[in-house]
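This is what each chain is made of:
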2 protein chains.
Amino acid sequence: MSGGWLEEIKWGPDGLVPAIAQDAETGRVLMVAWMNREALAQTAATGHAVYWSRSRGKLWRKGESSGHQQRVREVRLDCDGDVVLLAVEQKGGIACHTGRESCFYRRLDGDRWETVEAVVKDPEQIYG
Amino acid sequence: MSGGWLEEIKWGPDGLVPAIAQDAETGRVLMVAWMNREALAQTAATGHAVYWSRSRGKLWRKGESSGHQQRVREVRLDCDGDVVLLAVEQKGGIACHTGRESCFYRRLDGDRWETVEAVVKDPEQIYG
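What this report covers is the structure whose coordinates are included nearby. (Residues numbered from 1 in each chain as written. Chains lettered and ligands numbered in written order. Predicted model: local features only at pLDDT ≥ 70, side-chain atom pairs only at ≥ 80, totals over all residues. Heavy atoms only, no water.)

1. Some points on the sheet that holds strand 5 (residues 70-77) of chain A
- The strand order across the open sheet built from six strands is 2(A)-1(A)-6(A)-5(A)-7(B)-8(B), with neighbouring strands paired in mixed fashion. Each having just a single partner strand, strand 2 (29-35) of chain A together with strand 8 (112-115) of chain B make up the two edges of the open sheet. Across the sheet, the axes of successive neighbouring strands diverge by a mean angle of 35°, strand direction being ignored.
- Where strand 5 of chain A meets strand 7 (residues 106-109) of chain B, two bridges bridge the pair, whose relative direction is antiparallel. When the sheet's bridge partners are listed, Arg76 of chain A is paired in strand 7 of chain B with Arg107 of chain B.
- Contacts between helix 2 (residues 37-46) of chain A and the sheet are confined to strand 2, strand 5 and strand 6 (84-90) of chain A together with strand 7 of chain B, with strand 2 of chain A contributing the most and set at about 125° to the helix. (Pairing = 2+ DSSP bridges. Helix = DSSP H or I, 4+ residues; strand = E, 2+ residues; numbered from the N terminus. Axes fitted to C-alpha atoms, helices over the stretch in contact; angles between N-to-C directions. Contact = heavy atoms within 4.5 Å.)

Written as structure tokens, this is what we have:
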């Protein structure tokens, strides 16, 4: 948990910043989650993405229940120091809890959101 | 400002969601900013990215002072409905106020952030 580099981040009032996971090979944006200091420190130390689950109020080692870990190739920080970008290798090719590659599977088409990506694997098979 | 599609978004307590701008051609993540209902409605209506500036407390038509507009090819929404992803054509090839292509120009190298991208154009020439 030490490290001046963690202090250069502008943590929000809740101690969190958004973290974007991007596929290191394809460039696809896979998901956005949240990190606190410990999540980012553990991500850097282990080389695997660790987030902070706001709903569960605890650290979330991505893949701990799905098996869909994210090996982190690179960690970047934006100009304001308040958003983190990870380049990851997505295990299983599935980042989303719906069983899709990416969480961004809905596209605005006129005045409605269209689901434009197929489920790769049934979530019941992932989490069941 | 009407449109049920805007209601499908889980706006935060401050009425905002983060919006990621990704280069439609290269896949580079260029920046992250915030949107309220009106910003997203205007983005969809005009085809150019409009954000909400938290620091200035008003709508921010990206490029209004820099000239670096973002033409929006696609708007996506994530599974939780609380993050927006834009595929954009970045005018001038510069998204960042520092004069760089992307705001994510710092990379974690051991225990420090290294600046790994050059300034494309001096900000004084952009905003001066």
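After that view of the structure, there is still more to cover.
2. Side note on helix 2 (residues 37-46) of chain B
Residue and element names in this part refer to chain B.
- Turning to helix 2, its buried residues are Ala39, Leu40, Ala41, Gln42 and Thr43.
- Among the structural elements, helix 1 (4-7), strand 2 (29-35), strand 3 (50-53), strand 4 (58-61), strand 5 (70-77) and strand 6 (84-90) are those in contact with the buried residues of helix 2.
- Just downstream of helix 2, Gly47 is the residue with a positive phi angle, here 80°. (Buried < 20%, exposed > 50% of the residue type's maximum accessible area, 1.4 Å probe, protein only.)

3. A short note on the relation of the copies chain B and chain A
- Placing chain B over chain A gives an RMSD of 0.0 Å and needs a rotation angle of 180°, together with 0.0 Å of translation along the axis. The transformation just described matches what one would write down for a two-fold rotation axis. The position closest to the rotation axis in chain B is occupied by the C-alpha of Gly27 of chain B, lying 2.6 Å away. (Least-squares fit on C-alpha atoms with pLDDT ≥ 70 in both.)

4. Structural notes on the pairing of strand 6 of chain B
Residue and element names in this part refer to chain B.
- With six of its seven residues buried, strand 6 lies for the most part within the structure.
- Of the strand pairs in this sheet, strand 1 (residues 17-23) and strand 6 are connected by five bridges, and their pairing is parallel. Within strand 6, the residue paired with Ile20 across the bridge is Leu85.
- Across seven bridges, strand 5 lies against strand 6 in antiparallel orientation. From the neighbouring strand, Leu77 faces strand 6, where its bridge partner is Val84.

5. Side note on the nonpolar core
- Counting 74 residues, the largest nonpolar core has Ile20 of chain A together with Ile20 of chain B as the members making the most contacts within it.
- Setting aside residues no more than four positions away along its own chain, Ile20 of chain B makes contact with Ile20, Val29, Val32 and Phe104 of chain A together with Val29, Met31, Val32, Val83, Val84, Leu85 and Leu86 of chain B. (Core = buried A, V, L, I, M, F, W, Y, C linked by side-chain atoms within 4.5 Å.)

6. Looking at the interface of chain B and chain A
- On the chain A side, the residues contacting the 37 residues of chain B number 37 residues.
- The junction of chain B with chain A conceals about 3200 Å² of combined surface from both sides, 63% of it contributed by carbon and sulfur atoms.
- Where chain B packs against chain A, one counts six salt bridges.
- Between Asp82 of chain B and Arg54 of chain A there is a salt bridge whose closest N-O contact spans 3.7 Å.
- Taken together, the elements giving at least two residues each to the side of chain B that touches chain A come down to strand 1, strand 2, strand 5, strand 6, strand 7 and strand 8 of chain B.
- When residues in the side of chain B that touches chain A are grouped by element, the largest group, four residues, is from strand 5 of chain B.
- Residues of the side of chain B that touches chain A, tallied by class, amount to 19 nonpolar, five polar and 13 charged. (Buried area = accessible area lost by both parts, 1.4 Å probe. Salt bridge = Lys/Arg side-chain N within 4 Å of Asp/Glu carboxyl O. Nonpolar A, V, L, I, M, F, W, Y, C, P; charged D, E, K, R; others polar.)

7. Brief notes about the packing of aromatic side chains
- This structure, assessed with the given rule, holds four aromatic pairs over all chains.
- Between Trp5 of chain A and Trp113 of chain B, the ring centres sit 5.8 Å apart and the planes meet at 65°, which makes this aromatic pair edge-to-face. Of the two residues, Trp5 of chain A is situated in helix 1 (residues 4-7) and Trp113 of chain B in strand 8; the pairing between them involves two chains. No difference in accessibility class separates Trp5 of chain A from Trp113 of chain B, as the two residues are buried. (Phe/Tyr/Trp six-rings, centres within 6.5 Å; stacked < 30°, edge-to-face > 60°.)

8. Some details on the side chain of Ser102 of chain A
Residue and element names in this part refer to chain A.
- For Ser102, the position within the fold is in the loop between strand 6 and strand 7 (106-109).
- For Ser102, a relative accessible area of 0% corresponds to the buried category.
- At a separation of 2.8 Å, a polar atom in the side chain of Ser102 contacts the main-chain carbonyl oxygen of Val29.
- Within polar-contact distance, the side chain of Ser102 engages the backbone nitrogen of Phe104 at 2.9 Å.
- Setting aside its immediate chain neighbours within four residues, Ser102 contacts Arg28, Val29, Leu30 and Cys96. (Polar contact = N/O pair within 3.5 Å; in protein donor to acceptor, adjacent residues only side chain to side chain.)

9. Comments concerning the pattern of salt bridges
- Per the counting criterion, the structure on display carries 22 salt bridges over all chains.
- Here Arg28 of chain A and Glu117 of chain A are joined by a salt bridge, their closest N and O atoms 2.9 Å apart. One end of the pair, Arg28 of chain A, is in the loop between strand 1 (17-23) and strand 2; the other, Glu117 of chain A, is in the loop between strand 8 (112-115) and helix 3 (123-127), and 89 residues separate them in sequence.
- Across the salt bridge formed by Arg73 of chain B and Glu89 of chain B, the nearest N and O atoms sit 2.8 Å from each other. One end of the pair, Arg73 of chain B, is in strand 5; the other, Glu89 of chain B, is in strand 6, with 16 residues separating them in the sequence.
- Under the relative-accessibility criterion, Glu89 of chain B is labelled partly exposed at 31%.

Such coordinate-based values are descriptive only and should not be taken to indicate function.
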